[in-house]
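Letter by letter, the chains look like this.
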Amino acid sequence: MIRLEGLSKSFGAYAAVSDLNLEVKPGEIVGFLGPNGAGKTTTVKMMTGLLRPTSGRVLVAGRDMARDPIAAKRAMGLVPDEPFVYPKLTGAEYLRFVGELYGVCLSDMKKRVPELLEMFELTPWGGELLESYSHGMRQKLVLGGILLHDPKILVLDEPMVGLDPKSARLVKDIFLRLARRGTAIFMCTHVLEIAEKLCHRIGVMTRGKLIACGTLDELRAQSKEEGRDLESVFLSLTGGAEYSTLLRHL
Ligand SMILES: Nc1ncnc2c1ncn2[C@@H]1O[C@H](COP(=O)(O)OP(=O)(O)OP(=O)(O)O)[C@@H](O)[C@H]1O
Ligand SMILES: [Mg+2]
């Protein structure tokens, strides 16, 4: 459903993403991990047509993002790293606005908007302006918005940030159910527990390069951390030796 071919992005002389090749299949949840500044958000922006690659190609549901951007974007739902919501819209207005952008018909919208507000426990605030929403409430609303047009591909940049434990559990269950129905999910996260429990495959990026990609067991084998948790595997892959020296100034 998503295929990245030799994808690269440079900002001046700085290579933020270098020759990235990756595939997400229908029904698969792929987690994308990496230290701050590794190039995850840059990858998401290229994948969703928000940033033009320096070289390489993005294919979404068989459509080339550069040649056929509208069709490619129509097939996906995106939660960006810093979602923007219009502060002077109410929650219900925001969902209707997003629905209209994606061409959801009015009768579907009348049914789906209250359902989504209810699912994310936002019904009492559906008529309130978004400027009064807390961070977590906004995040839930944005997650609701990407489910309106029932996309077959979800691209999520830190989707759990700010969610309370119950909401985070709800969102995890939603992703699992959608994946079982064939939705392809690509998710950047720093929450290793989510990557461990939710993702079928995990990619690890450092300094713009994909240094590992596979199941948790495959990553364990690659990092020679057999039997260890993902934190140990991650630290080993991304420079655990440096870690021990960081605390010396305390
Ligand atoms: N518009 C830009 N202009 C110049 N450099 C940029 C730009 N956008 C990103 N970068 C650089 O590219 C690198 C990768 O940034 P990116 O936001 O993709 O990292 P990330 O992996 O998402 O990090 P985080 O975990 O902190 O979200 C960083 O060094 C960043 O400074
Ligand atoms: Mg980021």
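See the structure printed just above.
Here's a quick rundown of the structure. (Residues numbered from 1 in each chain as written. Chains lettered and ligands numbered in written order. Predicted model: local features only at pLDDT ≥ 70, side-chain atom pairs only at ≥ 80, totals over all residues.)

**Some thoughts on the overall build of the protein chain**
Rules: Put simply, DSSP H or I for four residues or longer makes a helix, DSSP E for two residues or longer makes a strand, and each gets a number counted from the N terminus. Taken over C-alpha atoms, the radius of gyration is set against a globule rule of 2.2 Å times the number of residues to the power 0.38. Residues are called buried when their C-beta atom has 20 or more other C-beta atoms within 10 Å, exposed when it has 12 or fewer, and partly exposed otherwise; all C-beta atoms are positioned from the backbone. By the criterion used throughout, residues are in contact when their C-beta atoms, derived from the backbone, lie within 7 Å.
From N to C terminus, the protein chain includes ten helices and ten strands. Here the protein chain has a C-alpha radius of gyration of 19 Å; the compact-globule value for 250 residues is 18 Å, and the two agree. For the protein chain, the spread of C-alpha atoms along the three principal axes comes to 55 × 45 × 35 Å. For the protein chain, the residues scored as buried account for 40% of the 250 residues in total. Considering only contacts within the protein chain whose residues lie at least 6 apart along the sequence, 67% involve residues at least 24 apart.

**What about unusual backbone geometry?**
Even without glycine at this site, A61 takes up a positive phi of about 50°. Secondary-structure assignment places A61 in the loop between β4 (55–60) and β5 (63–64). Its 18 C-beta neighbours within 10 Å are what place A61 among the partly exposed residues. Not every positive phi belongs to a glycine, and E121 is a case in point at roughly 55°. Here E121 lies in the loop between α4 (106–119) and α5 (135–147).

**Quick look at the sheet that holds β5**
Definition in use: Should DSSP find at least two bridges between two strands, the strands are taken to pair. Fitted lines through C-alpha atoms give the axes, limited to the stretch in contact for helices. The angle between two N-to-C directions lies from 0 to 180 degrees.
As summarised here, the arrangement of the four strands in space is β2-β1-β4-β5, forming an open sheet in which the pairing is antiparallel. Taken across any chain shown, the strands that pair with only one partner, and hence form the sheet edges, are β2 (14–24) and β5. As paired elements, strand β1 (residues 2–11) and β4 share five bridges and run antiparallel to each other. Among the inter-strand pairings, E5 is bridged to a residue of β4, identified as R57. Sitting on the sheet, helix α1 (residues 40–47) touches β1, β2 and β4, and the angle it makes with β1 is about 120°.

**Points about the site of ligand 1**
As a reminder, the rule being used: Each residue receives a C-beta atom placed from its backbone. It is near a molecule or strand if this atom lies within 6 Å of it. Each residue gets one label: Ala, Val, Leu, Ile, Met, Phe, Trp, Tyr, Cys and Pro are nonpolar, Asp, Glu, Lys and Arg are charged, and the others, such as Gly, are polar.
Residues in contact with ligand 1, as listed here, are F11, A16, G34, N36, G37, A38, G39, K40, T41, T42 and D81. Per-element accounting of the shell around ligand 1 gives the leading share, three residues, to α1. In the shell around ligand 1, the residues fall into three nonpolar, six polar and two charged.

**Some thoughts on the environment of S55**
With respect to the helices, strands and loops of the structure, S55 is situated in strand β4. Its 12 C-beta neighbours within 10 Å are what place S55 among the exposed residues. With residues up to four places along the chain from it excluded, the contact list for S55 reads G6 and S8.

**Observations regarding the nonpolar core**
Basically, it comes down to this: Under the definition applied here, buried Ala, Val, Leu, Ile, Met, Phe, Trp, Tyr and Cys residues are grouped into a nonpolar core through C-beta atoms within 7 Å.
In terms of nonpolar packing, the biggest core is built from 68 residues, with I2, I153, V155, I185 and F186 touching the most fellow members. Per-element tally for this core: the top contributor is α5, with six residues.

**Observations regarding the sheet that holds strand β6 (residues 76–79)**
Within a sheet, neighbouring strands are paired by backbone hydrogen bonds and run either parallel or antiparallel to one another. As summarised here, the arrangement of the six strands in space is β6-β7-β8-β3-β9-β10, forming an open sheet in which the pairing is mixed. What marks the edges here is a single partner per strand, and that holds for β6 and β10 (209–214). Across the sheet, the mean angle from the axis of one strand to that of its neighbour is 15°, orientation sign disregarded. By the bridge criterion, five bridges tie strand β7 (residues 153–157) to strand β8 (residues 184–188) in an arrangement that is parallel. Note that in β8 the partner of L156 across the bridge is M187. Across the face of the sheet, helix α9 (residues 230–238) comes into contact with β3 (29–33), β9 (201–206) and β10 while running at roughly 35° to β9.

**Re the pairing of β10**
Inspection of the sheet shows β9 paired to β10 by five bridges, in the antiparallel sense. Paired with V204 across the bridge in β10 is A212. Hairpin connection from β9 to β10: two residues lie between these consecutive antiparallel strands, with R207 at a positive phi of about 45°.

Nothing here speaks to function; it is geometry throughout.
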